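# Examining the three-dimensional arrangement
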Amino acid sequence: MAKPRVLVTRRWPAAVEARLSEIFDAQLNLGDKPLLPEEFRTAIREYDAILPTVTDKIGAPALECDKPQTRILANYGVGYSHIDLNRVAEHGIVVTNTPDVLSECTADLAMTLLLMVARRAGEGERELRAGQWTGWRPTHLVGTKVSGKTLGIVGYGRIGQQMARRAHHGFGMKILAYNRSPVAPDVLAQCQATQVPDLDDMLPDCDFVSLHCPGGAGNRHLINAARLARMRSDAFLINTARGEVIDEAALLHALWFDTIGGAALDVFDGEPAVNPQLLESDRLVMLPHLGSATREAREAMGFRVIDNLQDFFAGREPRDRVN
Ligand code: 8YV
């Protein structure tokens, strides 16, 4: 039997690419550029499987085709709000993702951001590299203590729970959890977390709020002006989820008028473009979508995609099917 034809839309870790090429008739995107909608339209006529990433916007323009050859989109990443599941369903295409294998690394990065914004690490590094450090003084770049504070976690799924573990067991933080569905008591107990049914009620009680919910239309601007106004003026907001979850204009407003303490963002609405006004605020820490960017996680994500493809082409239900 001919090997399935598989299109990898970006460069992946070498070990994963090698394995893909062994098992499948794999086309690697050596140019490593996001696919344009017209390239995607051509691809779904030619490939049995497409392996997209967050940089491939897969909506109506990309999926315009009467009878696609593609039967599975095996996404490299856990978030799939860049894929329009309704349009995909019209073609009967299966979609899978890569949960679990990046949860720890993404939570590590969220904790990094939390510490950086609280302790003003970005400001300090910029000052030092600019040759502007004049020496130790008692009032220099004084930040906020993290240990023992209250962390509100929005989205208490796999990554949110890993964040809670770090914050609670490493830093003695008190954990509040907002999640759309009830969280099992034993899961909450692992970090002595309290589930708060209403996000509006949770926000005023938090020193830090970390976002771990999915993106997409359902959570667009979940953190809007009204919710930012419920946060304390010395509280910090951390986002490693998706840019659209925060209304960035409202966040800028909150920073300009000092109604929150600061924010740390790994994801942006419309990334890789970043609203230039965000760059002007010293109370913002910003990273270029590095949540899962470790050798270990990126390899594991690739092998998880391969597992899903092997299941699918062997006629089994892929373990990470999302539609
Ligand atoms: C991925 C992410 O690296 O998995 C996710 O949802 O946000 C990232 O960590 C990215 O999505 C690659 O497609």
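Residues numbered from 1 in each chain as written. Predicted model: local features only at pLDDT ≥ 70, side-chain atom pairs only at ≥ 80, totals over all residues.

Spatial strand order, S8-S7-S6-S9-S10-S11-S12: 7 strands in an open sheet with parallel pairing. Across the chains shown, the open sheet's two edge strands, defined by having one partner strand only, are strand S8 (194–195) and strand S12 (284–286). Of the strand pairs in this sheet, strand S9 (residues 208–211) and strand S10 (residues 236–239) are connected by 4 bridges, and their pairing is parallel. In the sheet register, Ser210 faces S10, and the bridge partner there is Ile238. (Pairing = 2+ DSSP bridges. Helix = DSSP H or I, 4+ residues; strand = E, 2+ residues; numbered from the N terminus.)

Close contacts around the ligand come from Thr53, Val54, Tyr76, Gly77, Val78, Gly79, Leu102, Gly291 and Ser292, and that covers them all. Among the residues forming the shell around the ligand, the class breakdown is 4 nonpolar, 5 polar and no charged. (Near = placed C-beta within 6 Å. Nonpolar A, V, L, I, M, F, W, Y, C, P; charged D, E, K, R; others polar.)

With domains assigned, the chain is organised as domain 1 (5–101 + 295–313) and domain 2 (103–286). Centre-to-centre separation of domain 1 and domain 2, based on C-alpha positions: 31 Å. Between domain 1 and domain 2, the contact holds 6 residues from the first and 7 residues from the second. Looking at the side of domain 1 that touches domain 2, its residues break down into 2 nonpolar, 2 polar and 2 charged. (Domains from an automatic or database assignment. Contact = placed C-beta atoms within 7 Å.)

Take the nonpolar core next. Ranked by internal contacts, the top residues of the largest apolar core, which has 90 residues, are Val6, Leu114, Ile175, Phe236, Ile238 and Ala264. Of the residues forming this core, the biggest block, 10 residues, is contributed by helix H5 (residues 103–119). Domain assignment of the residues forming this core places at least three in each of domain 1 (5–101 + 295–313) and domain 2 (103–286). Leave out the neighbours within four places in its chain, and Ala264 touches Leu113, Leu114, Met116, Val117, Phe236, Ile238 and Val285. (Core = buried A, V, L, I, M, F, W, Y, C linked by C-beta atoms within 7 Å. Buried ≥ 20, exposed ≤ 12 C-beta atoms within 10 Å, placed from the backbone.)

Moving on, we get to the UniProt feature "domain: D-isomer specific 2-hydroxyacid dehydrogenase catalytic" (unreviewed entry) in the chain. The UniProt feature table records "domain: D-isomer specific 2-hydroxyacid dehydrogenase catalytic" (unreviewed entry) at residues 21–323. Structurally, residues 21–323 comprises 36% helix and 13% strand, and the distance from its first C-alpha atom to its last is 27 Å. (UniProt positions renumbered as here; feature names shortened; annotations may be inferred.)

The next thing to look at is the UniProt feature "domain: D-isomer specific 2-hydroxyacid dehydrogenase NAD-binding" (unreviewed entry) in the chain. As recorded in UniProt, the feature "domain: D-isomer specific 2-hydroxyacid dehydrogenase NAD-binding" (unreviewed entry) lies at residues 111–291. Secondary structure content for residues 111–291 is 33% helix and 15% strand, and the end C-alpha separation is 11 Å.

Summary statistics for the chain give a mean pLDDT of 97 and a share of 100% for residues scoring 70 or more. Confidence estimates for the predicted assembly give a pTM of 0.97 and an ipTM of 0.92. (pLDDT = per-residue confidence, 0-100.)

A few words now on the environment of His91. Structurally, His91 can be placed in the loop between helix H4 (85–90) and strand S5 (94–96). Judged by the 14 C-beta atoms lying within 10 Å of it, His91 falls in the partly exposed class. Not counting the four nearest positions on each side in its chain, His91 is found in contact with Leu63 and Pro68.

Here we take up unusual backbone geometry. Here Glu271 and Pro272 are connected by a cis peptide whose omega angle stands at 15°. You can see Pro272 is positioned in the loop between strand S11 (262–265) and helix H12 (276–279). The phi torsion at His221 lies on the positive side, around 55°, for a residue other than glycine.

When two helices pack together, their arrangement is given by the angle between their axes and by how far apart the axes lie. The N-to-C vectors of H5 and helix H7 (residues 158–171) enclose an angle of 55°; their axes lie 8 Å apart at closest approach. Taken as axis vectors, H5 and H7 run oblique relative to one another. In terms of crossing hand, the pair formed by H5 and H7 is right-handed. Packed against H5, whose contacting residues are Ser103, Glu104, Thr106, Ala107, Ala110 and Met111, the element H7 presents Arg158, Ile159, Gln162, Met163, Arg166 and Ala167 at the interface. Residues that form the contact of H5 with H7 fall into these classes: 6 nonpolar, 3 polar and 3 charged. (Axes fitted to C-alpha atoms, helices over the stretch in contact; angles between N-to-C directions. Parallel < 35°, antiparallel > 145°, perpendicular 65-115°, else oblique. Left-handed = near helix turned anticlockwise from the far one by under 90°.)

On to the sheet that holds strand S1 (residues 5–8). Pairing is parallel in the open sheet, where 5 strands are placed in the order S2-S1-S3-S4-S5. What marks the edges here is a single partner per strand, and that holds for strand S2 (25–28) and S5. Looking at each pair of strands side by side, their axes are set apart by 15° on average, direction ignored. Relative to the sheet, helix H13 (residues 295–313) contacts S1, strand S3 (49–51), strand S4 (72–74) and S5, its axis offset from that of S4 by approximately 160°.

This paragraph deals with H7. Spanning 14 residues, H7 covers 19 Å between terminal C-alpha atoms, matching the ideal 20 Å at 1.5 Å per step. Every buried residue belonging to H7 is among Ile159, Gly160, Gln161, Gln162, Met163, Ala164 and Ala167, and all of these are buried. (Expected span 1.5 Å × (residues − 1).)

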